[in-house]
Amino acid sequence: MAKIKEKKKRFNFIDVILLIVILSILASLVYMVILAYNSEFSKNGSSDDDIRYTLRVEGVDNDIMAEVNVGDKVVELDSFTEIGTVAEYYEEPSEYVGYNSEGKAVKSDDPSKTDLIIVIDASGNGKGSTYDVGSYTVSVGKDIAFRVPGFTGEGQCVLVEVKGDE
């Protein structure tokens, strides 16, 4: 009988490509597991702070009766996320910037408009002037479109503070 020569398996270019693909898939899976674990830990492992932030809604017509009440739930309009509860609410006169007879810019009260100041209590995770309230980020300077049962508007966040640090 004739002896059949067995071929030795060689490590070729295609084997290298397959090995690289398999290793990159494994590395991606490990990275995703670590990322998921860390994000879960950061959400559940750290406690939320009780925060208080202030929205200023400028230039609301006096003809519009804004019905904002302490205890109203505040909902952000883009994501329909609840972002807190009204703790305080008050009005201030709106300012108008115009020019006097000499052409200089001057500020004066606008009798036809009112600024609404809405103070909101929430629980959030963050530091400084930026906090995540649920899945929504609240930070100083951010414009927030919101609604409460008696009013819908857009205001700028002018203050964020941790309750108790006031």
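Keep in mind the model is a prediction, meaning the values are calculated, not measured. (Residues numbered from 1 in each chain as written. Predicted model: local features only at pLDDT ≥ 70, side-chain atom pairs only at ≥ 80, totals over all residues. Heavy atoms only, no water.)

Undergrad: Mind showing me how you'd approach the pairing of strand β7 (residues 143–148) here?
TA: Consecutive side chains of a regular strand alternate in pointing toward one face of the sheet and then the other. Where strand β2 (residues 73–76) meets β7, two bridges bridge the pair, whose relative direction is antiparallel. Looking at β7, one finds that Val-75 is bridged to Arg-147. With six bridges connecting them, β7 and strand β8 (residues 151–162) associate as antiparallel partners. Note on β8: the bridge partner recorded for Val-148 is Phe-151. Between β7 and β8, which pair antiparallel and follow one another directly, the connecting turn spans two residues. (Pairing = 2+ DSSP bridges. Helix = DSSP H or I, 4+ residues; strand = E, 2+ residues; numbered from the N terminus.)

Undergrad: Where do I start with the nonpolar core in this structure?
TA: Nonpolar side chains in soluble globular proteins generally cluster together in the buried interior. Counting 25 residues, the largest nonpolar core has Tyr-53, Val-138, Ile-144, Phe-146 and Phe-151 as its most contacted members. Sorting the residues of this core by element identifies β1 (49–61), β3 (81–99), β4 (105–127), β5 (130–133), β6 (136–139), β7 and β8 as the ones contributing at least two each. Here this core gets five residues from one element, more than from any other, and that element is β1. Not counting chain neighbours up to four residues away, the residues in contact with Tyr-53 comprise Ile-83, Gly-84, Ile-118, Val-119, Ile-120, Ala-122, Val-138, Cys-157, Leu-159 and Val-160. (Core = buried A, V, L, I, M, F, W, Y, C linked by side-chain atoms within 4.5 Å. Buried < 20%, exposed > 50% of the residue type's maximum accessible area, 1.4 Å probe, protein only. Contact = heavy atoms within 4.5 Å.)

Undergrad: Would you explain the pairing of β4 in this entry?
TA: Relative to β4, β1 is paired through 11 bridges, and the arrangement is antiparallel. Across the sheet, Leu-55 pairs through a bridge with Ile-118, a residue of β4. The sheet contact formed by β3 and β4 spans 14 bridges and is antiparallel. Each residue of the ladder has a partner; that of Tyr-90, found in β4, is Ile-117. Counting the residues between successive antiparallel strands, the hairpin from β3 to β4 contains five residues, one of them, Gly-103, with a positive phi of roughly 85°. Between β4 and β5, which follow one another and run antiparallel, lie two residues, and Gly-128 among them has a positive phi close to 65°.

Undergrad: What should I look at first to understand the pattern of salt bridges in this one?
TA: Oppositely charged side chains are able to pair whenever their charged atoms sit close together. A complete count under the given rule lists eight salt bridges for this structure. Put simply, Arg-52, Glu-88, Asp-121 and Lys-163 are held in one network by salt bridges that share partners. (Salt bridge = Lys/Arg side-chain N within 4 Å of Asp/Glu carboxyl O.)

Undergrad: Looking at this structure, I do not really get the side chain of Asp-121. What am I missing?
TA: Its place among the elements puts Asp-121 in strand β4. A distance of 2.7 Å separates polar atoms of two side chains, one belonging to Asp-121 and the other to Arg-52. For Asp-121, the contacting residues outside a window of four places in its chain are Ile-51, Arg-52, Gly-84, Thr-85, Ala-87 and Lys-163. (Polar contact = N/O pair within 3.5 Å; in protein donor to acceptor, adjacent residues only side chain to side chain.)

Undergrad: Is there a simple way to explain the environment of Thr-54 in this structure?
TA: Looking at where Thr-54 falls in the secondary structure, it is placed in strand β1. Along the primary structure Thr-54 and Ile-117 are separated by 63 residues, whereas in three dimensions their C-alpha atoms are 6.9 Å apart. Beyond its immediate stretch of four places on either side in the chain, Thr-54 contacts Ile-117, Ile-118, Val-119, Gln-156, Cys-157, Val-158 and Leu-159.

Undergrad: Explanation requested: the environment of Val-138 in the structure shown.
TA: Residue position: Val-138 is located in strand β6. Separated by 21 residues in sequence, Val-138 and Leu-159 have C-alpha atoms that sit 9.8 Å apart. In contact with Val-138, not counting residues within four places along its chain, are Tyr-53, Ser-129, Thr-130, Tyr-131, Val-133, Ile-144, Cys-157 and Val-160.

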